[in-house]
Amino acid sequence: MKFYNIFILLLFSIISFAQPSHEVIEFKLSINHHYINVGEKHFTHATSDSISFDVIRFYISNVQFFYEEEFISSLEKKHHLVDLENPESLKINLGKNAQLDFNKIKFDLGIDSLTNVSGAFGGDLDPTNGMYWTWQSGYINFKLEGVTPSCPARKNSFQFHLGGYQSPFSNVQAVELDIADEKNIIIELPIDLLLEKINLTETYKIMSPNQPAVDLTKLIASLFSIAK
Amino acid sequence: MKLKFYFFIIVVFSCVAFCAEQISYFNPPEHFPQPAYNFSDNPLTKAKIELGRALFYDPILSSDNTISCASCHSPYNAFAHTDHDLSHGINDEIGTRNAPALFNLAWHKTFMWDGAINHLDMQALAPISHPKEMNESLKNVVGKLQNKNIYPSLFYQAFQDSIITGEHILKALSQFQLTLVSATSKYDEVKKELTQFSQQEKNGYLLFQKNCNSCHTEPLFSNQSFANNGLPIDTTLNDFGKWMVTKQSGDSLKFKIPTLRNLNFTHPYMHDGRFRKLNQVLNHYTKGISQSPTLAPELKNPIELTSNEKTDLIAFLLTLNDKKFVFDQKHQFPR
């Protein structure tokens with residue numbers, strides 16, 4: 001009887017070792033593959049200049065797990081605010097989903113239109129997080145602010161507040177990533193690739209729902225990748 | 001089986017109690033349509049309404065603690081700002097639009113003259129943050145309230161949480177504003193068959209139905225949509241209304257159609273407060289329309305009214321004044 005119990009235990013541990021187990025999704029906000037630190041000077045090849053970031057903050061919504069295109073599960077918490085300044089927010093615990101077998105993850109960058117028109121919410125959606133416009137209703141999906149000497153704006157500051165839920169400038173963007181067996185999934189957002197595509201000497205301020213905001217959010221959504 | 005039955009009874013009773021509470025704080029008359037506000041997302045309670053009322057009258061919402069919501073939305077003016085054509089905010093700053101009256105907000109799907117705000121809960125963010133109104137941030141308001149002795153306990157009573165959040169501030173403000181229902185004017189009494197219009201008012205009512213009702217639709221006296229009512233542009237303001245928000249050319253010069261209730265208390269009129277008297281408003285519609293591509297189709301041909309008809313129409317419009325609402329103690333400064 002005792003031997004039988006041990007056998008079962010052994011069998012389970014083998015199974016659990018064999019199963020891929022993803023425990024955490026971590027966001028790595030990077031420049032030239034290095035982690036970005038708030039306010040710290042980094043180098044950008046795009047303008048061969050120093051650059052620092054005061055705010056990188058964005059919403060990840062509707063995280064869903066798939067195996068070979070088949071829907072497996074989704075995260076219970078619908079909206080997650082990722083904030084460079086808050087290290088806790090860079091990690092999403094998978095909870096009960098950790099044991100599931102999946103090889104694809106899908107999520108939205110931004111907040112859907114229904115949530116945008118449904119009044120006040122708390123937690124990550126509380127308007128005190130600085131991710132809600134005040135002069136016009138709507139969440140800011142992605143916020144990027146910083147300083148680089150080659151930016152011609154006042155105090156060399158660039159500011160991107162990208163949002164909008166109404167046609168024709170609705171800009172929530174879908175992201176799809178294939179993942180392998182890593183224990184922790186690290187989703188990298190290489191800001192250096194973004195800086196190569198936008199020229200901060202010419203484009204340094206977008207703060208309303210408009211076509212440039214949609215284009216830029218699409219570009220950012222395409223840059224997410226799984227860090228190897 | 002018996003247990004199940006008792007459980008069922010308890011559930012039914014609590015539902016009835018819950019609904020009864022909703023009805024007692026928000027009970028529009030039968031001639032009103034279904035409200036747009038989703039009360040199930042923010043069910044009214046006495047503690048939340050009273051918290052919202054305290055916040056509405058507290059200048060702590062502004063950066064130098066001088067301006068409250070009631071500074072520009074005075075209860076004695078049906079929550080508008082009589083005699084100020086443009087809104088008057090912090091440090092005597094003057095805004096670009098007339099402060100609208102606040103009542104029957106549960107029926108609105110959009111807010112502001114240009115519709116920039118999509119939900120009553122989010123409305124308060126705009127004046128709190130505007131540099132010419134209250135010049136404050138909601139985040140700072142949270143901090144100030146948390147440190148003012150009465151508020152943590154008021155928030156606890158309302159939300160069972162003494163940690164103050166932006167969400168709770170906004171929801172409490174909504175609750176108080178949802179209770180501002182103006183439905184006890186002479187017009188409403190006539191609809192309830194409690195009284196009758198005079199002959200002059202009756203004439204005015206017929207003229208109203210013929211010439212005004214398509215936009216200022218009964219019983220709220222607005223269809224809540226946006227229209228260009230042919231006002232010539234004030235070049236000191238260059239306000240293009242809804243276009244400023246949507247950037248769609250078809251929205252140029254369109255403003256939210258305001259209600260005609262409580263006109264006695266809410267003058268001056270129009271988005272920029274350009275008319276001080278009702279007869280100036282009527283004269284605009286009969287001979288002042290400025291033609292432009294987005295002009296409301298109803299106004300393409302001028303409205304024709306004789307001077308007697310104007311007098312009758314104004315007599316009807318005055319039946320929309322709701323003194324009972326304006327002087328209702330329960331909406332006024334909390335004591």
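Residues numbered from 1 in each chain as written. Chains lettered and ligands numbered in written order. Predicted model: local features only at pLDDT ≥ 70, side-chain atom pairs only at ≥ 80, totals over all residues.

A few points about the overall build of chain A
If you tally the helices and strands in chain A, you get four helices and 14 strands. Dimensions of chain A along its principal axes, counting C-alpha atoms only, are 75 × 40 × 30 Å. Counting all 228 residues of chain A, 35% fall into the buried class. Contacts in chain A between residues at least 24 apart in sequence constitute 74% of all its contacts with a sequence separation of at least 6. (Helix = DSSP H or I, 4+ residues; strand = E, 2+ residues; numbered from the N terminus. Buried ≥ 20, exposed ≤ 12 C-beta atoms within 10 Å, placed from the backbone. Contact = placed C-beta atoms within 7 Å.)

Side note on the nonpolar core
Residues and elements named next belong to chain B. Within the largest apolar cluster, 121 residues are counted, with the highest numbers of intra-cluster contacts made by Phe 103, Ile 169 and Leu 173. Shared between two domains, this core holds at least three residues of each, these being domain 1 (35-182) and domain 2 (186-324). Setting aside chain neighbours within four positions, we find Ile 169 in contact with Leu 55, Leu 138, Val 141, Val 142 and Ile 164. (Core = buried A, V, L, I, M, F, W, Y, C linked by C-beta atoms within 7 Å. Domains from an automatic or database assignment.)

Regarding the pairing of strand 6 (residues 79-83) of chain A
Residue and element names in this part refer to chain A. Here strand 6 lies mainly inside the structure; four of its five residues are buried. In terms of strand pairing, strand 4 (residues 49-67) meets strand 6 through five bridges, oriented antiparallel. Counterpart to Arg 57 in the pairing with strand 6 is Asp 83. (Pairing = 2+ DSSP bridges.)

Points about the domain arrangement of chain B
Accessible area lost on assembly of the parts is the figure often given for the size of an interface. Residue and element names in this part refer to chain B. Taken domain by domain, chain B consists of domain 1 (35-182) and domain 2 (186-324). The distance between the C-alpha centroids of domain 1 and domain 2 comes to 26 Å. With 22 residues of domain 1 at the contact, the number on the domain 2 side is 25 residues. A class-by-class count of the residues in the side of domain 1 that touches domain 2 yields eight nonpolar, ten polar and four charged. (Nonpolar A, V, L, I, M, F, W, Y, C, P; charged D, E, K, R; others polar.)

A short note on the interface of chain B and chain A
At the interface, 20 residues of chain B touch 14 residues of chain A. Mapped by element, the contributors of at least two residues to the side of chain B that touches chain A are helix 4 (120-123), helix 5 (125-129), helix 6 (138-146) and helix 8 (166-178) of chain B. Of the residues forming the side of chain B that touches chain A, the biggest block, four residues, is contributed by helix 8 of chain B. Its residues assigned to classes, the side of chain B that touches chain A shows nine nonpolar, six polar and five charged.

Here we look at the environment of Glu 176 of chain A
Residues and elements named next belong to chain A. Looking at the secondary structure, you find Glu 176 in strand 11 (residues 173-178). As for Glu 176 and Phe 142, which are separated by 34 residues in sequence, their C-alpha atoms are 18 Å apart. Beyond its immediate stretch of four places on either side in the chain, Glu 176 contacts Lys 104 and Lys 106.

Examining unusual backbone geometry
Cis peptide bonds are those with omega within 30 degrees of zero, and the linkage from Ser 167 of chain A to Pro 168 of chain A qualifies with 0°. Tracing the chain through its elements places Pro 168 of chain A in the loop between strand 10 (157-163) and strand 11. In this chain, His 267 of chain B is followed by Pro 268 of chain B through a cis amide linkage whose omega measures 5°. The topology assignment puts Pro 268 of chain B in the loop between helix 12 (263-266) and helix 13 (278-287). Despite not being glycine, Asn 62 of chain A has its phi angle at roughly 50°, a positive value. With respect to the element layout, Asn 62 of chain A can be found in strand 4. We note that Asn 104 of chain B has phi near 50°; this positive angle belongs to a residue other than glycine.

A word on the confidence of the model for chain A
Mean pLDDT for chain A: 91, with 91% of residues reaching 70 or above. Counted against residues more than four places away or in other chains, residues 14-18 of chain A, with its pLDDT under 50, gives zero contacts. (pLDDT = per-residue confidence, 0-100.)

So, the packing of helix 2 (residues 46-56) of chain B against helix 7 (residues 150-159) of chain B
All names here are of chain B. Two elements in contact, helix 2 and helix 7, have axes separated by 8 Å at closest approach and are oriented at 145°. For helix 2 against helix 7, the interelement crossing comes out left-handed. On the side of helix 2, the interface is formed by Ala 47, Lys 48, Leu 51 and Ala 54, while helix 7 contributes Leu 154, Phe 155, Gln 157 and Ala 158. Looking at the contact of helix 2 with helix 7 residue by residue, the class counts come to six nonpolar, one polar and one charged. (Axes fitted to C-alpha atoms, helices over the stretch in contact; angles between N-to-C directions. Left-handed = near helix turned anticlockwise from the far one by under 90°.)

A closer look at helix 13 of chain B
If you check which residues of helix 13 of chain B are buried, you get Val 281, Leu 282, His 284 and Tyr 285 of chain B. The buried residues of helix 13 of chain B occupy an angular sector of 150° when projected down its axis, which confines them to one face. (Arc of directions from axis to C-beta.)

Focus: the environment of His 33 of chain A
As for its placement among the helices and strands, His 33 of chain A is situated in the loop between strand 1 (24-31) and strand 2 (34-35). Among the residues examined, His 33 of chain A registers 10 C-beta atoms within 10 Å and is labelled exposed.

Focus: the environment of Asn 210 of chain A
Residues and elements named next belong to chain A. Take Asn 210: it is sitting in the loop between strand 13 (205-206) and helix 4 (211-223). On the basis of neighbour count, Asn 210 is assigned to the partly exposed category, with 15 C-beta atoms found within 10 Å. Remark: the alpha-carbon pair of Asn 210 and Lys 104, spanning 106 residues in sequence, is separated by 31 Å.

Some thoughts on the confidence of the model for chain B
For chain B, the mean per-residue pLDDT works out to 93, and 93% of the residues sit at or above 70. Confidence metrics for the complex model read pTM 0.89 and ipTM 0.85.

Topic: the pairing of strand 5 (residues 70-74) of chain A
The two faces of a sheet get side chains in turn, since along a regular strand they alternate between them. Residue and element names in this part refer to chain A. Pairing of strand 4 with strand 5, which is carried by four bridges, proceeds in the antiparallel orientation. Bridge assignment links Gln 64 to a residue of strand 5, and that residue is Ser 74. Linking two consecutive strands that pair antiparallel, namely strand 4 and strand 5, is a turn of two residues; a positive phi of about 45° is found at Glu 68 within it.

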